[in-house]
Structures are given as C-alpha cells and as structure tokens.
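Topology and contacts: notes
Below, each chain spelled out in residue letters.
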Amino acid sequence: MTIVTRFAPSPTGYLHIGGARTALFSWLLAKSQGGTFRLRVEDTDRERSTKEATDAIIEAMAWLDLAAEGSAVFQSERFDLYNSFIDQLLATGRAYWCRCTPDEVEAMREKARAEGRKPKYDGRCRELGLEPGAGRPDGRPDGWVVRFKGPQDGVTAFDDMVKGPTAVQNAELDDMILRRSDGAPTYNLAVVVDDHAMGVTHVLRGDDHVANTPRQILLYQALGWDVPRFGHVPMILGPDKAKLSKRHGALSVMEYKKLGYLPEALVNYLVRLGWSHGDQEIFSREELIRLFSTDNLGNSPSVFDLKKLEWLNAHYIKESTPQRLAALLPEFLGEAGSLDGLNLDPAYLAGIMPLLQPRAKTLVEMADMARFFLLPTAALVYDDKAVADQLKPEARALLAELLPIYESATDYGDHTALEAATQAFLDERGLKFKAVAQPLRVALTGKTASPGLFETMGVLGKNESLARIKRALAL
RNA sequence: GUCCCCAUCGUCUAGCCUGGUCCAGGACGACGGCCUUUCACGCCGUUAACAGGGGUUCAAAUCCCCUUGGGGACGCCA
C-alpha cells in the first residue's frame, strides 16, 4: 500500500516556522515511503481566510521545495460534499439538530467550570428529535446547528506515530457541532471527509490537534471509514520556553529568506528540531528522504535556536556554488541600499563569492561585505577611523613605493605572484608584512577587515587596484 | 478548574522500548589556544545535563509511583 500524507494549513496568515516543520515532516514521511504528499487549504472560515495568505503559503512551500502532488484541495469549494455527509449522519441517527444558542451553551460551560467539571455542552437537545422546518418550539426563526451524537461512555484509543498509545474517555468529549447555524460545516467534519476523500493514510500535525483526534476517529467510525494513522509533533518554543511567537523574532518562513537564509539551511535546521538520526547534523535532501522515519521523532517541545540556524546557513553558503550566490546577491544589495553604479556583472560577482563564502553567515552579511568590490573607486567609502589609524605618513610612503611594483605586475589573476612581489619588496628593506598589510587593506577596501589582500586585488583587477591605492594616497 | 502530554549540558539531541558496555556521546553556543596580513574559515581543547523524592533490582538516565516544573486542549477557529 502506498501512503498518502498531507499538509492542511488554514490561510489566515503566512506560513510560519512551526507549520513549515510539520509540512516538512509530512513531505518526508510520504517521500521516504514512496508515497504521495498533498496540499489542502482549510478555508472554511470565510471571514479570516484570504487569497493572499493562500498564495503566501504556496510560495513559501515552493521556496522550501516541498512540492505537493496534484492540485491543492480548497475546502471552501466542497461544502456540498461535507453537507451530504452531515445529512447522512443525521439520517443514520449519528447526528442531531440542536437549537441551543451560543449564549446558552456558554452558560452550560460556565456552570460546569464552576462545578469543577470539564466545560462542555450538556446534550440537552440530543434526544429531542428536533426537525428543522417542522416549526420551532421557541419560534426562533433560524440558528440551529447539527451536532454529532457521540458515545457517552467507553474509550477511544489510537496509536500515535510519535506519542505512542493514546486513549481518551469518551465522556470527556462533548457533542461537537458538525454544521454551523449558517449552514457551513465545521473543521472536524471537513477534515475527516477530506482526508478520507483524498485517500490520506497518515496524518502528521501539530500537538495542538491531539484533542481533536478522538473526535475525528469517532466520526470516521460513524461514517464507516478506515481510520488513518495519526502523529502529533510537539510544538516549537521561543528562548523563554513559551510558545514561539512574533515577539521572539521572525516567524514567517519567507522572513528568513529576506534575512538571507538559504532554504536548504532552514530545512536542515527544522528537520533537526524534533527529529534525529544518531549524531548526524547535516543532511542532504536525498539523505533525509532515505533516513526519515517517524520512529525518530522526539516527543518533547524544542526551543528555536537562531545561532544553530546561522551555523547551518554558513555551512550551506560554503557549500553553494559561486554562481548561485552571485545570482541571489543583487536582491540583498538592493535591500540594503541603492544598486546605482554597482558593478553587478554576474561573472564578476561570481568571482567575489569564494572570498566571501567562508566569511558570511547570511546573504545579508554577504551583500554588505561585497559592496566595496562593486563600487567604482571614485564612489568607494573610506572609513575615517581606518584612514586615520592606518594611512599615516610612513604607511603612505610605503604604499607609494609599492605602486610601481603593482603597476608592472601583469597577471592579477595570479595572486601569489602579487604576494611574492610584495614580500620581495619587504625583504629588501627588512620590513615585516605587518608594515603594509593594514594600510594596503584600507587603501583597497576602505576598511580594516576584508578578505585576503592579494585575492582581493586579483578580483578587483589591475585598474581598480591601482586606482584605489592612488585615491587613498590622495586622501 | 477539568482532561491530556512532556521532562538528559544554556540550546538541539544520542542513549531509554530490549536495565549493566554511560562517573552519559555528538552538535550549536560560550570560553581558551593554534593558524594568520585584517576579518573570517579551519584545527585543538575547556565548560556544562540524567528535575526532585521514593521504590523494583546484585545493578536504573533507562522500569514503577509520587511531587515539582513546563506545555497543550476544553469555540457555531483551524
């Protein structure tokens, strides 16, 4: 049997870190067993669901490369289907009409709470055999709902893929609403109908859904359908161990893209949050597919650690090709400032990347570090303090003497030759490298921190290198 | 309040099911060192945990119970 998993977000906002991790686990579960992964948009709440959110979620999943099979299922387009099953439940006596108002139900809950019991609907309409259209006893024009007629004793049990055997007393459950007073089906009903209709065999979802699972199982049984396997992954916490929220920083997956993270870094980070394979930390997508199993999913909540994400991102930046990074960079350069006058030639950019790859933790940092390479000499910004500290008279004199040496050098592509020439000059005068290193660096880059001097000169090329030294000398 | 779940270094985790090989392993971080033309990279090292208490057992991080702490659910939201 080939398995089917799904990710079922409700389009009320962007795709957040927690949702992305659940989606990733579901995707991995399917792929690891040669199964199918599908997407369903849970937009039964017409008030809060938006097209923008739907698009944003799909965009984020695409960025993470979590492709879903077939076209997405939209619950808002399937109300007739849901209603037909509610009618069936009504006809078979597994559901009933309830005329209680929200206020009345709230009063019941209050009462139960006050008595130290679990707040729930008391089932007063359960055996009334109410028929809408047959005239309402209280004369109220509308507002009836349909409730599930759940068992009042016994136990509903299931074997959770991550938590293991789980059981709930049916008495803990109240008769959930299946159809709202406006005729719209509710979440629990729609989920069951869709998962069955879509052939879903394994449901992996957030911890916050455990309480829904027994209710849904009861629905499957009432409808006479096979019950899928369920797995509930623990949630992600902020550094203060409270549920991860906006105040902890970026929550949206796409926000991480903006912050300069590579999708494979986020995926690798997220997968290790709650899942492990021995001591391994770095996983390629192929390894993940081959190694993933719900058996290795942890069952305690985990804290989101930005430092580790940064480490992984730095790793993937090093692993990346210069060409890919070069293509990604302009977006970040533009985000940080003007692109005017910058040399954004792809080949030039690609030449810079290897110098920055070991140094940048994010693409944002990389764009910042790349800037001095891209500015024409005339527009280069020299750091005042760096100039004051490093370009003192003696230093300038040395640079002036070095200039002809660099002028006569022909092959800037060979940075070791540049270095050898510099060393020879220094040896002649019995000077240490330190005597020229920082002054030269400031002259070339405007700053005191940069990639290796001669690699930098090699990338800048002869004309730019000479122009920069001359400009520095004139400062 | 009621019900459910969780509990190993600061953090992610391995180990727990199938007690002894664990005075608990890896990784991130932090700290120190090496390398070095700056900044990084890299390399080496240090730091640091079985929540507490009872059992069971020759032996418990591993099994059982209680306590504490944390989280979740209790919607005509999903």
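All residue numbers here refer to positions counted from 1 along the written sequence of the relevant chain. By the order in which they are written, chains take letters starting at A while ligands take numbers starting at 1. Reporting of local features is limited, given that this is a predicted model, to residues whose pLDDT is at least 70; pairs of side-chain atoms are given and counted only at 80 or more, and all residues count toward the totals for whole chains, interfaces and linings. Hydrogens and water molecules were not included; the side-chain quantities draw on all heavy atoms of the structure.

Below, the discussion takes up the pattern of salt bridges. A side-chain nitrogen of Lys or Arg and a carboxyl oxygen of Asp or Glu constitute a salt bridge if their distance falls within 4 Å. The tally for this structure, following the rule as stated, stands at 30 salt bridges. Measuring nitrogen to oxygen at the nearest pair gives 2.8 Å for the salt bridge that ties Asp195 to Arg40. A residue pair is termed long-range when its members are at least 10 positions apart, and Asp195 in helix H5 (residues 187-197) and Arg40 in strand S2 (residues 36-41) qualify at 155 residues. Here Asp45 ties to Arg48 by a salt bridge, and the two come within 3.2 Å at their closest N and O atoms. By relative accessible area, Asp45 is classed as partly exposed at 27%. Throughout, exposure labels follow a simple rule: accessible area from a 1.4 Å probe, protein chains only, divided by the maximum for the residue type, with under 20% read as buried, over 50% as exposed, and the rest as partly exposed. Residue classification places Arg48 among the exposed positions, given a relative accessible area of 56%. The network of salt bridges with shared partners includes Arg6, Arg40, Glu42, Arg78, Asp194 and Asp195. Secondary structure elements are defined from DSSP: runs of H or I of at least 4 residues count as helices, runs of E of at least 2 residues count as strands, and each element is numbered from the N terminus.

For helices, the fitted line uses only the C-alpha atoms of the stretch in contact; every axis is such a line through C-alpha atoms, and the angle between N-to-C directions lies from 0 to 180 degrees. Helix H6 (residues 212-223) packs onto helix H3 (residues 79-91) with a crossing angle of 75 degrees between their chain directions and a minimal axis gap of 10 Å. Here H6 runs roughly perpendicular to H3, going by the angle between their axes. Facing Phe85, Gln88 and Leu89 of H3, the residues of H6 in contact are Leu219, Ala222 and Leu223. Basically, the charged four are Asp, Glu, Lys and Arg, the nonpolar ten are Ala, Val, Leu, Ile, Met, Phe, Trp, Tyr, Cys and Pro, and anything else, Gly included, counts as polar. When the residues that make up the contact of H3 with H6 are grouped by side-chain class, the tally is five nonpolar, one polar and no charged. Under this scheme an angle from 65 to 115 degrees is roughly perpendicular, one under 35 degrees roughly parallel, and one over 145 degrees roughly antiparallel; angles in between are oblique. We call two residues in contact when some of their heavy atoms are within 4.5 Å.

Bringing the sheet that holds strand S4 (residues 95-98) into the picture now. The rule for pairing is simple: two strands pair if DSSP sees at least two bridges between them. Judged by pairing direction, the sheet is antiparallel, and its three strands sit side by side in the order S4-S5-S8 without closing on themselves. Edge positions in the sheet fall to S4 and strand S8 (177-179), since each has one partner strand and no second. Ignoring strand direction, the axes of neighbouring strands in this sheet form an average angle of 45 degrees. By the bridge criterion, four bridges tie S4 to strand S5 (residues 145-148) in an arrangement that is antiparallel. Within S5, the position partnered with Tyr96 by the bridge is Arg147. Seen against the sheet, H3 touches S4, S5 and S8 and runs at an angle of roughly 120 degrees to S8.

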